[in-house]
Amino acid sequence: MPQTYFTPATFRFLRALARNNQREWFQTHKDDYEHHVREPFLQLITDMQEPLAKISPHYRADPRKNGGSLYRIYRDTRYSNNKLPYKPWQGSRFTHQRRHEIQAPGFYLHIEPGDCFAGGGMWHPEPDALKHIREFLGDNPAAWKRATQGKTFREHLQLGGESLVRPPRGYDPAHELIEDLKRKDFVATARFDEALACSSELLPWTVATFKRVAPLIDYLCAAQELEF
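Before going into details, it helps to say that this report is about the structure given with it. (Residues numbered from 1 in each chain as written. Predicted model: local features only at pLDDT ≥ 70, side-chain atom pairs only at ≥ 80, totals over all residues. Heavy atoms only, no water.)

## Some remarks on the overall build of the protein
Part 1 of the reasoning: Looking only at helices and strands, the protein has nine helices and six strands in total.
Part 2 of the reasoning: The burial tally for the protein puts 45% of its 228 residues in the buried class.
Part 3 of the reasoning: Partitioning the intrachain contacts of the protein with sequence separation of at least 6 by distance along the chain shows that 65% fall at a separation of at least 24.
Part 4 of the reasoning: As presented, the protein carries roughly 12300 Å² of accessible surface, and 48% of it is formed by carbon and sulfur atoms.
Part 5 of the reasoning: Here the protein contributes 32 positively and 29 negatively charged side chains, and the mean placements of these two sets differ by 3 Å. (Helix = DSSP H or I, 4+ residues; strand = E, 2+ residues; numbered from the N terminus. Buried < 20%, exposed > 50% of the residue type's maximum accessible area, 1.4 Å probe, protein only. Contact = heavy atoms within 4.5 Å. Areas by Shrake-Rupley, 256 points an atom, 1.4 Å probe, with all protein chains shown as cover. Lys, Arg positive; Asp, Glu negative; His and termini not counted. Charge placed at Lys NZ, Arg CZ, Asp CG, Glu CD.)

## Some remarks on the pairing of strand S3 (residues 106–111)
Part 1 of the reasoning: With respect to burial, S3 is a largely interior element, six of its six residues being buried.
Part 2 of the reasoning: A two-sided burial pattern is seen for S3, the buried positions comprising Gly106, Tyr108 and His110 on one face and Phe107, Leu109 and Ile111 on the other.
Part 3 of the reasoning: Both strand S2 (residues 90–96) and S3 contribute to a ladder of five bridges, which runs antiparallel. Following the sheet pairing, glycine 91 is matched in S3 by histidine 110. (Pairing = 2+ DSSP bridges.)

## Details of helix H4 (residues 127–139)
Part 1 of the reasoning: Here H4 spans 18 Å end to end across 13 residues, near enough to the 18 Å set by a 1.5 Å rise per residue.
Part 2 of the reasoning: Those residues of H4 that sit buried are Ala129, Leu130, Ile133, Arg134 and Leu137. Down the axis of H4, the buried side of the element spans an arc of 135°, and every buried residue falls inside it. For H4, the exposed residues lying more than 90 degrees away from the buried face are Pro127, Asp128 and Asp139.
Part 3 of the reasoning: Considering only its buried residues, H4 is in contact with strand S4 (116–122), helix H5 (141–148), helix H7 (178–181), strand S6 (186–192) and helix H9 (202–223). (Expected span 1.5 Å × (residues − 1). Arc of directions from axis to C-beta.)

## Some thoughts on the packing of aromatic side chains
To describe a pair of aromatic rings, you give the distance between the ring centres and the angle between the ring planes.
Part 1 of the reasoning: On inspection of all chains with the given rule, the structure shows 19 aromatic pairs.
Part 2 of the reasoning: Consider the rings of tyrosine 59 and phenylalanine 107, whose centres lie 5.2 Å apart with planes at 80°: the pair is edge-to-face. With tyrosine 59 in strand S1 (residues 59–60) and phenylalanine 107 in strand S3, this residue pair connects regions lying 48 residues apart in the sequence. Of the two residues, tyrosine 59 and phenylalanine 107, neither departs from the other in class, the shared state being buried.
Part 3 of the reasoning: Where phenylalanine 107 meets phenylalanine 210, the ring centres are 4.9 Å apart and the plane angle is 40°; that geometry is what we call tilted. (Phe/Tyr/Trp six-rings, centres within 6.5 Å; stacked < 30°, edge-to-face > 60°.)

## Things to note about the pattern of salt bridges
Part 1 of the reasoning: Applying the stated criterion across every chain, the model contains 14 salt bridges.
Part 2 of the reasoning: The salt bridge involving aspartate 115 is made with arginine 191; its shortest N-O contact spans 2.3 Å. Highlighted residues: aspartate 115 in the loop between S3 and S4 and arginine 191 in strand S6, separated in sequence by 76 residues.
Part 3 of the reasoning: For aspartate 115, a relative accessible area of 24% puts it in the partly exposed group.
Part 4 of the reasoning: Arginine 191 sits in the exposed class, given a relative accessible area of 57%.
Part 5 of the reasoning: Salt bridges linked by common partners bring Arg98, Glu101 and Glu227 together as one network. (Salt bridge = Lys/Arg side-chain N within 4 Å of Asp/Glu carboxyl O.)

## Remarks on helix H3 (residues 30–55)
Part 1 of the reasoning: Between the first and last C-alpha of H3 there are 35 Å, a value that for 26 residues agrees with the 38 Å anticipated at 1.5 Å per step.
Part 2 of the reasoning: Glutamine 49 marks where H3 bends most, by close to 40°; the proline proline 51 follows one to four residues later. (Bend = angle between axes of the 7 residues up to and from the residue.)

Right under this line is the structure:
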């Protein structure tokens, strides 16, 4: 049977958290967080295990309450000028089984009032990983174009992230993929609204989005010499 996970109460809680981002308020409303945000998200992650394994047997949907696919709601304020203690959103990452050995691309789902999206790729790859991606792009332009310029990709996904102003050192400004070689992030996303988030279509829509972004993930895995 199709299942719903989130409800309007999910978004009411997140909006209220954005307005009342204080530890005292959160502790008073923690049961609402557990019931309307965390528990349904963990159930969605559990239900993502089987379809994700069909997309790639090397990726994991981990429904553990701590240390799994679900991001913590608590912000790390140690090195940030923003000292607000909580994230007014909830996200989950679906990671490669070898991510602790080597930086790997991943799939992602984000729930936030006015900014829900799903997709995947590599956000802010470390210098070595970025070097490998650019070298791979330079050597394999046709496969990149197949992964990111096909009709289905263009109709449903949008490449995003930051880019250099000038071409990276050592690359021809006339290279056919120079705009992609200038990228500092290699991510593609599709946005959705709260109505879909609160419907039984959320899981199948997310699975379909992950399937569409899979060629990009596959390409980035190849650049990192990872299995897909």
